[in-house]
There are 2 protein chains.
Amino acid sequence: MSGHAAGEPFEKATYLFLKGKYPSNVFKQYEYLNDIYLKHPQTISVADRNALFESPTVLFLLSRGDKATKEWSPTNIFEEKQNDTADIIYHTDNFYDMIDIKTRNIDKTAQPPNIISAFKLAKTCAHMIDNQEYDIFRLNYIEIDWKEAGENLICQAAHYANLFKAAPSKLYINWAAAMQIQFHVCDLDQTWTGTMEEWAHGYIRIFVESARRRCQKMMDDYVTPFLKYI
Amino acid sequence: MSGHAAGEPFEKATYLFLKGKYPSNVFKQYEYLNDIYLKHPQTISVADRNALFESPTVLFLLSRGDKATKEWSPTNIFEEKQNDTADIIYHTDNFYDMIDIKTRNIDKTAQPPNIISAFKLAKTCAHMIDNQEYDIFRLNYIEIDWKEAGENLICQAAHYANLFKAAPSKLYINWAAAMQIQFHVCDLDQTWTGTMEEWAHGYIRIFVESARRRCQKMMDDYVTPFLKYI
């Protein structure tokens, strides 16, 4: 595996480990969707397929677009997709743990990875508030630190964090990088002790403030200095 | 070379072809910088090194940051850098042709590549206007379309475009992708017939308009809909 740049083997190993341990609860996001739709072959329309989800917030986070959902059939099932919310779903009766694996070559300095779109997270919080859903899911992140050792790749350390244990004010939104929230999992604040409802409101507040600051900075940097040339 | 994803062999071949044809005029950007500084070993300070350039606009486009320029020495020369302006410089006495090579696997659909930061281009135009430099450089782009053919990669077509022959209003700025101007070279408008001075003013005008529109859209999408949750 030497030379493998992206550390995917560790992502795969993590999935296989969890799947082996909880075979009926652990899914890839697309597997979970295929599973639901395959179990309900009579459910065809987008509206009816959406109704199979227990929660509007979970529907928002897990489902594909209307077009893809409409075109889904037992002979045209979903495959893995780059911008799915989660790498892995751990689903029990009334709860969804969504898990993203971030692999990291510790011999290289790299900027913190993209975690989730800040806009998608704001919409998620709005769904939570609109539907009063504060105990239905969690967004979890696992960081796996690896390095090359001769012919092999070895795992040096692993870290876990729960997004909703991070104070919203500690999250960094990189507006220029497609509005992604970026952090190394090992560095994520885990001190938040408020409720999920407080978190959802708190996050929307910092998202709106950040968007306003970004606009002001765009005007200061990209508009004002150039007006004299027009 | 089969399986090579990025088409770099074609970039390299283009450079070697041009270098072979015009050995004393063609450089990689970092080679050009190394060349200038090596020819003036007594010139040490950043200000003095900057003064070696014939033009403030060219200085802005080609030079590295102050820190890197200060730390440069004959035993610590520049190497290739990802965000250099140009892949290749064609330098004659009073003119710089800056050339970027965009390789494209025509068997894949891909979004148009990053060409140059819209902000960097706006600053370039401001330098042109401030210094009345309208005949010192050009930004050129070459697209090389390639495909896999058995064991080999083959070049299927090549395209050329001059950025300053494109009407500024036809340029697309992707604000979420680090403000990059994006286009496929083969699709770039080449109908502009105005002067470089008109181009510089025209581009700054569309850049400022685009920044304002982007701000307005950010307020509409990321602020207004969320105010009710705060």
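All values derive from a computational prediction rather than experimental measurement.

What counts, and at which threshold
- Residues numbered from 1 in each chain as written.
- Chains lettered and ligands numbered in written order.
- Predicted model: local features only at pLDDT ≥ 70, side-chain atom pairs only at ≥ 80, totals over all residues.
- Heavy atoms only, no water.
- Core = buried A, V, L, I, M, F, W, Y, C linked by side-chain atoms within 4.5 Å.
- Buried < 20%, exposed > 50% of the residue type's maximum accessible area, 1.4 Å probe, protein only.
- Contact = heavy atoms within 4.5 Å.
- Salt bridge = Lys/Arg side-chain N within 4 Å of Asp/Glu carboxyl O.
- Helix = DSSP H or I, 4+ residues; strand = E, 2+ residues; numbered from the N terminus.
- Phe/Tyr/Trp six-rings, centres within 6.5 Å; stacked < 30°, edge-to-face > 60°.
- Lys NZ or Arg CZ within 6 Å of the ring centre and 35° of its normal.
- Least-squares fit on C-alpha atoms with pLDDT ≥ 70 in both.
- Pairing = 2+ DSSP bridges.
- Buried area = accessible area lost by both parts, 1.4 Å probe.
- Polar contact = N/O pair within 3.5 Å; in protein donor to acceptor, adjacent residues only side chain to side chain.
- Nonpolar A, V, L, I, M, F, W, Y, C, P; charged D, E, K, R; others polar.

Tyr203 of chain A together with Tyr203 of chain B are the most contacted members of the largest nonpolar core, which has 117 residues in total. Setting aside residues no more than four positions away along its own chain, Tyr203 of chain A makes contact with Ala118, Leu121, Ala122, Cys125, Pro168, Leu171, Ile173 and Ile181 of chain A.

The next point concerns the pattern of salt bridges. Residue and element names in this part refer to chain B. Counted under the stated rule, the structure contains 20 salt bridges over all chains. Here Asp97 ties to Arg138 by a salt bridge, and the two come within 2.8 Å at their closest N and O atoms. Of this pair, Asp97 sits in strand β3 (residues 95-105) while Arg138 sits in strand β5 (residues 137-149), placing them 41 residues apart in sequence. For Asp97, a relative accessible area of 9% gives the class buried. Here Arg138 falls in the partly exposed class, since its relative accessible area comes to 30%.

The way to describe two aromatic rings as a pair is by their centre distance and the angle between their planes. Within this structure, the stated rule accounts for 36 aromatic pairs over all chains. Summarising the aromatic geometry, the rings of Phe207 of chain A and Tyr222 of chain B are spaced 6.1 Å apart at their centres and angled 70° between planes, so their arrangement reads as edge-to-face. Here Phe207 of chain A, found in helix α7 (residues 196-223), pairs with Tyr222 of chain B, found in helix α7 (residues 196-223), and the two come from separate chains. When its relative accessible area of 0% is taken as the criterion, Phe207 of chain A is described as buried. A connected cluster of aromatic rings, assembled from ring pairs, spans Phe119, Phe137, Phe164, Trp175, Trp199, Tyr203 and Phe207 of chain A together with Tyr222 and Phe226 of chain B. For Lys28 of chain A, the ring lying beneath its charged end belongs to Tyr15 of chain A, and the centroid distance is 4.9 Å. Sitting over the face of the ring of Tyr37 of chain A, Arg49 of chain A holds its NZ or CZ atom 5.5 Å from the ring centroid.

Mapping chain A onto chain B calls for a rotation angle of 180° and an axial translation of 0.0 Å; the resulting RMSD is 0.0 Å. Both copies of the chain, as the preceding transformation shows, are related through a two-fold rotation axis. A shared interface surface links the copies, since 100% of the contact residues of chain A are contact residues in chain B too.

With that settled, consider the pairing of strand β6 (residues 152-162) of chain B. All names here are of chain B. Sheet topology places β5 next to β6; 10 bridges connect them, and they run antiparallel. Within β6, the position partnered with Asp145 by the bridge is Ala157. Between β5 and the antiparallel strand that follows it, β6, lie two residues; Gly150 among them carries a positive phi value of about 60°.

With that settled, consider the interface of chain A and chain B. Taken together, the contact pairs 29 residues of chain A with 29 residues of chain B. Roughly 2,600 Å² is buried in total at the junction of chain A and chain B, and carbon and sulfur atoms are behind 77% of that figure. Among the residues chain A hides against chain B, the three largest losses belong to Tyr222, Phe226 and Tyr229 of chain A. Together they make up 27% of the total. Taken together, the connections running from chain A to chain B amount to zero salt bridges. For the pair chain A and chain B, the interface holds six residue pairs in polar contact (both at pLDDT 80 or more). The dominant element in the side of chain A that touches chain B, judged by the number of residues it contributes, is α7 of chain A, at 14 residues. Classifying every residue of the side of chain A that touches chain B by side-chain character gives 22 nonpolar, one polar and six charged.

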